[in-house]
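What follows is the residue order along each chain.
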Amino acid sequence: MLDKIEIVILSGFLGSGKTTLLQNLLAQEQQRNRKVAVLMNEIGQVSIDRNLLNDHTPLEEIINGCICCTSKTQLENALLTLYVQEKPDVIYIEGSGIAHPMEIYDACLSPVIAQNIIVKSIITVVDGNIWSGKHTLSLRIQKLLEEQIRYADQIVINKVDLLTSGQYNQIVEDTKQLNPHAMQHMTTFSRLNVVDIINRDQKSLLSHEKLHVTEHLHVSSLTYTFDKPINRDLFIKWLEQLPVSVYRIKGFLKFLDDVNSIALFQYAFGVPFFYREEMNLPLNLVIIGENLAKDLLKEQLNQLEQY
């Protein structure tokens, strides 16, 4: 069985140093002889950051839109393209400055390839000066900055050379309050050792099962593959009893009342949607939520196949 392709998500507000971090990490990956691919998201109609990468790095771009809004489907397609055509060891995804890391995480888990990837790390880059002056920003942007920190497993506090000791201490305290589980890095020019990402699992909680980034985030995913069609009514009843901590489900299903077609299924905020899918796709169901009771969910889904 092939090793899963690692996904590293780079998050952070505009101008925080994400692209510089990406350049640093790519250079180190090259030294380690790992095959790397990159997926970049630009808000504008023209890509600027692609010119900062070398020509040998496989690259997919999403421009003129944010992953967190209209471009989630584009991200899924771009990720699938890199997976099929390049088969890299790791894919780095640089989100736009206004992207929410959980939206990127959600988009990564396409049911088509969810079994073949692992989200290794979500790294948020924080511009020390922007954080110190965040009170001058709109409340919506302040909330976004906090969310980008809250849902990371590694926080890079960048441009620390420009901070006073008071600003430095305040940022450390603020980020720890927002996310006490994340590993913190204090940097200038986004200098981060790639080994801190690759060995993240081995560096924390070695004697426990909570080794994956999503355990640190309290957000995780479960991919379940159905072997046969299931009862539609029973599936809907199962959805109705799910806890609110399950906030996203997506996948492909076959139902007993229509065994000749496949249904594309989407579930968000407790509302299910079914669409007829023309292609023959694997019957994978991806569940995303906080503190998932994975064993129980697997048992329940398995029972649906018994009817």
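Residues numbered from 1 in each chain as written. Predicted model: local features only at pLDDT ≥ 70, side-chain atom pairs only at ≥ 80, totals over all residues. Heavy atoms only, no water.

A. Seen up close, the overall build of the chain. Looking only at helices and strands, one finds eleven helices and twelve strands in the chain. Taking all 307 residues of the chain together, 51% fall into the buried category. Contacts spanning at least 24 positions in sequence make up 72% of the contacts within the chain whose residues lie at least 6 apart. When the accessible surface of the chain is split by element, carbon and sulfur atoms take 51% of a total near 15000 Å². (Helix = DSSP H or I, 4+ residues; strand = E, 2+ residues; numbered from the N terminus. Buried < 20%, exposed > 50% of the residue type's maximum accessible area, 1.4 Å probe, protein only. Contact = heavy atoms within 4.5 Å. Areas by Shrake-Rupley, 256 points an atom, 1.4 Å probe, with all protein chains shown as cover.)

B. Focus on unusual backbone geometry. Residues other than glycine seldom take positive phi values, yet Lys-87 does so here, at roughly 45 degrees. Take Lys-87: it is sitting in the loop between helix 2 (72-86) and strand 4 (90-94). When its relative accessible area of 41% is taken as the criterion, Lys-87 is described as partly exposed. Even without being glycine, Lys-159 reaches a positive phi, approximately 65 degrees. In this fold, Lys-159 is placed in the loop between strand 6 (154-158) and helix 6 (165-178).

C. Representation of helix 5 (residues 139-150). Compared with the 16 Å implied by 1.5 Å per residue over twelve residues, the 16 Å span of helix 5 between its first and last C-alpha is a close match. Elements in contact with the buried residues of helix 5: strand 1 (5-12), helix 3 (101-108), strand 5 (117-127), helix 4 (128-132), strand 6 and helix 6. (Expected span 1.5 Å × (residues − 1).)

D. Focus on a nonpolar patch on the surface. A surface patch of nonpolar side chains, about 270 Å² in accessible area, is lined by Val-271, Phe-273 and Tyr-275. Relative to the elements of secondary structure, Tyr-275 occurs in strand 11 (residues 271-277). (Patch = residues over 30% accessible without salt bridge, like charges linked within 9 Å, V, L, I, M, F, W, Y side chains within 5 Å. Salt bridge = Lys/Arg side-chain N within 4 Å of Asp/Glu carboxyl O.)

E. Focus on the side chain of Glu-147. When you line up the elements, Glu-147 lands in helix 5. The contacts of Glu-147, once residues within four sequence positions are left out, are His-100 and Pro-101.

F. Representation of the confidence of the model for the chain in the model. Summary statistics for the chain give a mean pLDDT of 83 and a share of 84% for residues scoring 70 or more. Long-range and interchain partners of residues 44-49, a stretch whose pLDDT sits below 50, account for twelve contacts in this model, where long-range means more than four residues apart. Note on residues 201-217: pLDDT is under 50 here. Beyond four places in sequence and across chains, it has 34 contacts. (pLDDT = per-residue confidence, 0-100.)

G. Representation of the pattern of salt bridges in the model. For the structure on display, the rule yields twelve salt bridges. The partner of Arg-34 in a salt bridge is Glu-29, and the shortest N-O contact between them spans 2.9 Å. In terms of burial, Arg-34 and Glu-29 fall into one category: buried. Through salt bridges with shared partners, a single network forms among Glu-6, Glu-29, Arg-32 and Arg-34.

H. A look at the nonpolar core. In terms of nonpolar packing, the biggest core is built from 44 residues, with Ile-7, Leu-79, Ile-93 and Cys-108 touching the most fellow members. Listed in part, the 25 residues of the second largest apolar core include Tyr-224, Trp-238, Leu-253 and Phe-265. (Core = buried A, V, L, I, M, F, W, Y, C linked by side-chain atoms within 4.5 Å.)

I. Expanded view of the packing of aromatic side chains. Enumeration over the complete set of coordinates arrives at nine aromatic pairs. Where Phe-235 meets Phe-274, the ring centres are 6.4 Å apart and the plane angle is 70 degrees; that geometry is what we call edge-to-face. Taken together, the residues Phe-235 in helix 10 (residues 232-240) and Phe-274 in strand 11 connect sequence positions 39 residues apart. Taking relative accessible area as the criterion, Phe-235 reaches 0% and is therefore assigned buried. (Phe/Tyr/Trp six-rings, centres within 6.5 Å; stacked < 30°, edge-to-face > 60°.)

J. Representation of the pairing of strand 12 (residues 284-290) in the model. Within strand 12, six of the seven residues are buried, leaving the element largely enclosed by the surrounding structure. Two strands pair when backbone bridges link them, and strand 9 (residues 246-255) and strand 12 are joined in this way by five bridges, in the antiparallel orientation. Bridge pairing links Val-246 to Gly-289 in strand 12. (Pairing = 2+ DSSP bridges.)

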